[in-house]
Amino acid sequence: MGRGNQSGCVVLLVSNIPDEIAKVDNIFNMIGMYGDVLAIKILRNKRDCCLVQMAKPHHAQQVRNFLDQAKVGGNKLCVSNSHVESLLNKRIAEDDELQMDFSNSRNHRYRNHQMAAKLTKNLGPPSSTLHVANLPEELTPNDVKDMFIEKGFTVKESKECGTNGTMAFLTMASPDEALMALAVMHNYAPEEYKFKNTAGLCVSFSSKK
């Protein structure tokens with residue numbers, strides 16, 4: 001593959017994905033931390049591998065920089081450039097649980113220049129500390145902690161942040177577990193709570209120790 005193709009690559013091959021998050025929505029959350037995901041295709045005969053099409057070459061580069069060799073669920077992810085040029089050159093069936101077109105998703109983190117600039121400035125590898133935003137008013141940091149624990153995660157500490165208590169810092173057991181929690185809990189919106197943003201919880205990594 002020529003050098004120019006490498007730098008312009010937007011489709012990635014991601015392998016060694018743990019069973020628990022080998023679902024298009026969880027992969028969207030995990031990869032979407034580092035760039036906007038347009039489409040995902042989980043390989044039918046190898047469910048721990050998927051192709052992911054990013055919106056821009058530098059988004060694909062950010063995913064490789066921060067997630068290649070990152071540990072999640074005890075597995076070491078492998079992220080590389082794919083020879084596939086596009087996953088969107090034919091229509092993806094809506095009822096196919098192994099592939100999804102996310103090009104019109106309202107949950108892209110890098111959806112405008114301002115948000116992209118802010119995210120890129122603070123971007124780093126997976127860390128043990130998660131920043132959880134868009135909390136419903138009635139949820140305290142301890143409630144958020146319990147919500148994550150109910151889903152099977154180990155939360156060592158929770159702290160309120162933000163001026164009106166709509167955000168929290170959660171200290172997880174390890175970066176590995178924090179990445180798993182981000183994949184599962186980002187955009188999580190239990191029906192009993194009223195979220196300002198209908199997408200639900202906004203989970204990202206924090207450099208705060």
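Look a little higher up for the structure.
Residues numbered from 1 in each chain as written. Predicted model: local features only at pLDDT ≥ 70, side-chain atom pairs only at ≥ 80, totals over all residues. Heavy atoms only, no water.

Q: Explain the overall build of the protein chain here, please?
A: Helix and strand content of the protein chain: 6 helices and 11 strands. In terms of C-alpha radius of gyration, the protein chain reaches 17 Å, essentially the compact-globule figure of 17 Å for 209 residues. Considered along the principal axes of its C-alpha atoms, the protein chain spans approximately 50 × 35 × 35 Å. Taking all 209 residues of the protein chain together, 49% fall into the buried category. (Helix = DSSP H or I, 4+ residues; strand = E, 2+ residues; numbered from the N terminus. Rg over C-alpha atoms; globule rule 2.2 N^0.38 Å. Buried < 20%, exposed > 50% of the residue type's maximum accessible area, 1.4 Å probe, protein only.)

Q: Can you help me understand unusual backbone geometry in this one?
A: Leaving glycine aside, a negative phi is the common case for residues, and trans is the common case for peptide bonds. With a phi angle near 70°, Asn-16 is a residue other than glycine that sits in the positive phi range. As for its placement among the helices and strands, Asn-16 is situated in the loop between β1 (11-15) and α2 (24-32). In this structure, Gln-69 takes a positive phi of about 75° despite not being glycine. With respect to the helices and strands, the residue Gln-69 is situated in the loop between α3 (57-67) and β4 (71-72).

Q: Looking at this structure, I do not really get the pairing of strand β6 (residues 78-81). What am I missing?
A: Burial along β6 is one-sided: the residues Val-79 and Asn-81 are buried and none of Cys-78 and Ser-80 is. Note that β1 and β6 share 4 bridges and pair antiparallel. In the strand pairing of β6, Ser-15 is matched with Cys-78. (Pairing = 2+ DSSP bridges.)

Q: Hey, could you run me through the packing of α2 against helix α6 (residues 175-185) in this one?
A: The angle between the axes and the distance between the axes are what describe a pair of packed helices. Axis separation between α2 and α6 bottoms out at 7 Å; the angle between their running directions is 120°. Classed by the angle they form, the pair α2 and α6 counts as oblique. Read as a crossing pair, α2 and α6 show a hand that is right-handed. Each of Asn-26, Asn-29 and Met-30 in α2 lies in contact with α6, whose residues at this interface are Leu-179, Leu-182, Ala-183 and Val-184. (Axes fitted to C-alpha atoms, helices over the stretch in contact; angles between N-to-C directions. Parallel < 35°, antiparallel > 145°, perpendicular 65-115°, else oblique. Left-handed = near helix turned anticlockwise from the far one by under 90°. Contact = heavy atoms within 4.5 Å.)

Q: Would you take a moment to explain the sheet that holds strand β10 (residues 167-172) for this structure?
A: Sheets are built from strands that pair by backbone hydrogen bonding, the pairs being arranged parallel or antiparallel. The sheet built from 4 strands is open, its strands ordered β9-β10-β8-β11 with antiparallel pairing. Two strands in the sheet have a free side with no partner beyond their single neighbour: β9 (155-161) and β11 (202-205). Pairs of neighbouring strands in the sheet enclose a mean axial angle of 25°, with direction left out of account. Across the sheet, α6 is in contact with β8 (129-133), β10 and β11; its angle to β11 comes to roughly 155°.

Q: What should I look at first to understand the packing of aromatic side chains in this one?
A: Describing an aromatic ring pair means giving the distance of the ring centres and the angle of the ring planes. All told, the structure shown has 3 aromatic pairs when counted by the stated rule. Summarising the aromatic geometry, the rings of Phe-28 and Phe-102 are spaced 4.3 Å apart at their centres and angled 20° between planes, so their arrangement reads as stacked. Remark: Phe-102 occurs in the loop between β7 (99-101) and α4 (113-121) and Phe-28 occurs in helix α2; sequence separation between them is 74 residues. Both residues of the pair, Phe-28 and Phe-102, count as buried. Their ring planes at 20° and their centres at 5.2 Å tell us that Tyr-34 and Phe-66 sit as a pair that is stacked. One end of the pair, Tyr-34, is in the loop between α2 and β2 (37-43); the other, Phe-66, is in helix α3, with 32 residues separating them in the sequence. (Phe/Tyr/Trp six-rings, centres within 6.5 Å; stacked < 30°, edge-to-face > 60°.)

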